[in-house]
Amino acid sequence: MTVGIKGYGVYVPPFRIKVEEIMQTWLNSNPVFLHDMMNLKERAVCDYDEDVITMSVDAAKNALKMAKLEAKEIGAIFLGSSTFPYVMKPASSIVLEALGAPNNTFISDVQFSGKSGTVALQICLALVGQKLAKNALAIGSDNLSIHTEPGDSFEYPASAGAGALLLGEDNLIAEIEALETYNSDTPDIYRLEGDRYLTRGGDAMVESNVGLPSHTTNAVNKLLEKLGREPKDFDYAVFHQTYGVSPFIIGRSLGFQDSQISPSLIADEVGDTGASSVLIGLAKVLDEAKPGQKILVASYGSGAGSDAFALKVTDKIGSVTRSPKVKDIINAKTYINYATYAKLDRKYQRTGGE
Amino acid sequence: MPSVPEKICRMMLHSTVKAWRERDGRYRLQGVVCKDCGKKIFPAVQICPYCHSKNLEKTEFASTGKIVLSPEPLWYPLTGFQELLPQYTVMIELDDGPFVCAELVHYPPPAEFKEGTRVEMAFRKLKREDIGNYVYGFKFRIVE
């Protein structure tokens, strides 16, 4: 029996900061570069009381609601993130109890920077395929914003969000046809033990082709070879979105048309949501997908690796109720200024008693 | 201490035990139903305050409800994160009966609500204890 997606859920925090607001504070970029070249208008910021765990719970609840499934029927929860609140103590155990899943559920946190979400998906896929779990919840959630240094050029896209996919074998809205991966030791973006902020391995690593484009291209080419397909055989393509322009750069180099990529675009309004980037992109595509359509998903995680998936939408997609839609979640927003953002993300130094 | 600076609550209690014991109620609105008098009680108790029975059963209450009492927003710190005033703390009647006193989240902006406004539970960070651990629990968001 094929393993596939039974439901999906998304959460994006409602606060937004415009790139102009950051630019006016730091004067370290220009609007033409960010708007026209990078396709980035604004990005999400977490509220004071939100973090990776709370966003995961919200996304997971949406996924369960869509699949009309009780939390008691979950057999596995894998939470992928690179910005867990605790260094030692699983975040997935809090998600487990918050959802009310049974205590004998397989759970764990997984970390592979930006592709943590799809790594969680791989593990869940294997567990469901091996009949160790009937329903498995793969969650990708990241709050990159809080771990980005003020004044860094990555402060413009670094955002927050969560996406959850519920996997199973029955009542599927999309089947997972094949998966492929490509990994190598590439220190482009990393965060060391005890460090608050992300470190970039220099422009030669980040701005060149060695990271995102190279890994994604390799993984996708391998997947296409395995399936014996060409880019034009897919209706949609979802790539990791650091900036609004990144998926188009990768897609064009692989031979995809812009019309295949643009339905998944979220980074222009939300920014780089890290581990949840492709999951939110995929959810946006599934919001409008029709039965029989084929979707290609390729994530990217710094450090570095890429996972590529091929999905086929089933007839069930027509009968699911999507509440709320990804578009509605992205459009529910309120703008904040730089000072409020700095406070919400606790980008300040304090001494004495705290 | 962790690298992210946050206000700390309850400076004198060096233990995570209290928060741990009460987690089911905070995470999923789990309370008790008295099997003798049928009253629904939140938060969970050991003895029914109405009929003094010990014959209680754990139940998860509905995560939706309506605001029944909305006092003036608090401009002085009550609990938890004390640096985002005012705090909108309201009394909520859950759909299956019990009353819950809870804070509203910041979005949708809670400035315009009245008694009868529909709300749903949101899982949020409530506060941070003085040994650094996070305490998660319920807040409520307005459903439009």
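Residues numbered from 1 in each chain as written. Chains lettered and ligands numbered in written order. Predicted model: local features only at pLDDT ≥ 70, side-chain atom pairs only at ≥ 80, totals over all residues. Heavy atoms only, no water.

What follows concerns the interface of chain A and chain B. At the interface, 33 residues of chain A touch 26 residues of chain B. Around 2700 Å² of area is buried between chain A and chain B when both sides are counted, 54% of it from carbon and sulfur atoms. For the chain A face of the interface with chain B, the top three residues by lost area are Tyr-48, Asp-49 and Glu-97 of chain A, together amounting to 22%. Viewed at the interface, chain B and chain A are joined by six salt bridges. Seen at the junction of chain A and chain B, the total is twelve residue pairs in polar contact (both at pLDDT 80 or more). Where the side of chain A that touches chain B is concerned, the elements lending two or more residues are helix 3 (52-67), helix 4 (92-99) and helix 13 (338-344) of chain A. A per-class count over the side of chain A that touches chain B returns 15 nonpolar, four polar and 14 charged. (Contact = heavy atoms within 4.5 Å. Buried area = accessible area lost by both parts, 1.4 Å probe. Salt bridge = Lys/Arg side-chain N within 4 Å of Asp/Glu carboxyl O. Polar contact = N/O pair within 3.5 Å; in protein donor to acceptor, adjacent residues only side chain to side chain. Helix = DSSP H or I, 4+ residues; strand = E, 2+ residues; numbered from the N terminus. Nonpolar A, V, L, I, M, F, W, Y, C, P; charged D, E, K, R; others polar.)

Moving on: the pairing of strand 1 (residues 30-34) of chain B. All names here are of chain B. Along strand 1, five of the five residues are buried, which leaves the element largely enclosed by surrounding structure. Bridge count between strand 1 and strand 3 (residues 56-60): five bridges; the pairing is antiparallel. Across the sheet, the residue bridging to Gln-30 is Glu-60, located in strand 3. The pairing of strand 1 with strand 2 (residues 40-41) spans two bridges and is classified as antiparallel. Across the sheet, the residue bridging to Val-33 is Lys-40, located in strand 2. (Buried < 20%, exposed > 50% of the residue type's maximum accessible area, 1.4 Å probe, protein only. Pairing = 2+ DSSP bridges.)

With that settled, consider the pairing of strand 13 (residues 303-313) of chain A. Residues and elements named next belong to chain A. Of all eleven residues making up strand 13, nine are buried, and the element is well covered by its neighbours. Across ten bridges, strand 8 (residues 174-186) lies against strand 13 in antiparallel orientation. The residue of strand 13 that forms the bridge with Asn-183 is Gly-305. Relative to strand 13, strand 12 (residues 294-298) runs antiparallel, the two sharing five bridges.

Here the focus is the sheet that holds strand 2 of chain B. Sheet architecture is open: three strands sit in the order 2-1-3 (chain B), paired in antiparallel fashion. The open sheet has two free edges, formed respectively by strand 2 and strand 3 of chain B, since each of these has just one partner strand.

Moving on, we get to the pattern of salt bridges. When the charged atoms of two side chains with opposite charge come close together, those side chains can pair. Taken as a whole and judged by the stated rule, the model has 25 salt bridges over all chains. A salt bridge links Lys-333 of chain A to Glu-42 of chain A; its shortest N-O distance comes to 2.9 Å. Note that Lys-333 of chain A is positioned in the loop between helix 12 (326-331) and strand 14 (334-335) and Glu-42 of chain A in strand 3 (residues 42-45), a separation of 291 residues in sequence. Judged by its relative accessible area of 25%, Lys-333 of chain A is partly exposed. Overall, Glu-42 of chain A belongs to the buried group, its relative accessible area being 6%. In the salt-bridge network here, residues are joined through shared partners; they are Asp-47, Asp-49 and Glu-50 of chain A together with Glu-103, Arg-124 and Lys-139 of chain B.

Residues and elements named next belong to chain A. Here helix 7 (residues 212-227) crosses helix 8 (residues 246-254) at 45 degrees, and the two axes come no closer than 10 Å. Relative to helix 8, helix 7 is oriented oblique. Here helix 7 and helix 8 pass one another in a crossing that is right-handed. Contact with helix 7, carried on its side by Leu-212, Thr-216, Thr-217, Val-220 and Asn-221, involves Ser-246, Ile-250, Ser-253 and Leu-254 of helix 8 and no other residues of that element. Classifying every residue of the contact of helix 7 with helix 8 by side-chain character gives four nonpolar, five polar and no charged. (Axes fitted to C-alpha atoms, helices over the stretch in contact; angles between N-to-C directions. Parallel < 35°, antiparallel > 145°, perpendicular 65-115°, else oblique. Left-handed = near helix turned anticlockwise from the far one by under 90°.)

All names here are of chain A. Along the polypeptide, Asp-152 turns up in the loop between strand 6 (136-143) and strand 7 (160-168). Taking relative accessible area as the criterion, Asp-152 reaches 18% and is therefore assigned buried. Those residues in contact with Asp-152 that sit more than four places away from it in its chain are Asn-28 and Arg-200.

This next bit is on unusual backbone geometry. The omega torsion of the bond from Gly-303 of chain A to Ala-304 of chain A falls at 0 degrees, within 30 degrees of zero and hence cis. Tracing the backbone shows Ala-304 of chain A in strand 13. Positive phi, close to 50 degrees, is recorded for Asn-171 of chain A, a residue that is not glycine. Checked against the element boundaries, Asn-171 of chain A lands in the loop between strand 7 and strand 8. The class for Asn-171 of chain A is partly exposed, based on a relative accessible area of 48%. Positive phi, close to 55 degrees, is recorded for Leu-29 of chain B, a residue that is not glycine. Note on placement: Leu-29 of chain B falls in the loop between helix 2 (23-28) and strand 1.

We now examine the environment of Pro-157 of chain A. As for its position among the elements, Pro-157 of chain A is in the loop between strand 6 and strand 7. What makes Pro-157 of chain A buried here is its relative accessible area of 0%.

Moving on, we get to the packing of aromatic side chains. Centre-to-centre distance and the angle between the planes together describe a pair of aromatic rings. In total, this model carries eight aromatic pairs over all chains according to the counting rule given. Taking the centre distance of 5.7 Å and the plane angle of 75 degrees together, the rings of Phe-239 of chain A and Phe-256 of chain A count as edge-to-face. Highlighted residues: Phe-239 of chain A in strand 11 (residues 236-239) and Phe-256 of chain A in the loop between helix 8 and helix 9 (258-261), separated in sequence by 17 residues. Phe-256 of chain A gets classed as buried once you look at its relative accessible area, which sits at 3%. By way of ring pairs, the aromatic residues Tyr-86 of chain A together with Tyr-27, Phe-123, Tyr-134 and Tyr-136 of chain B are connected into one cluster. Over the face of the ring belonging to Tyr-50 of chain B we find Lys-39 of chain B, whose NZ or CZ atom lies 4.9 Å from the ring centre. (Phe/Tyr/Trp six-rings, centres within 6.5 Å; stacked < 30°, edge-to-face > 60°. Lys NZ or Arg CZ within 6 Å of the ring centre and 35° of its normal.)

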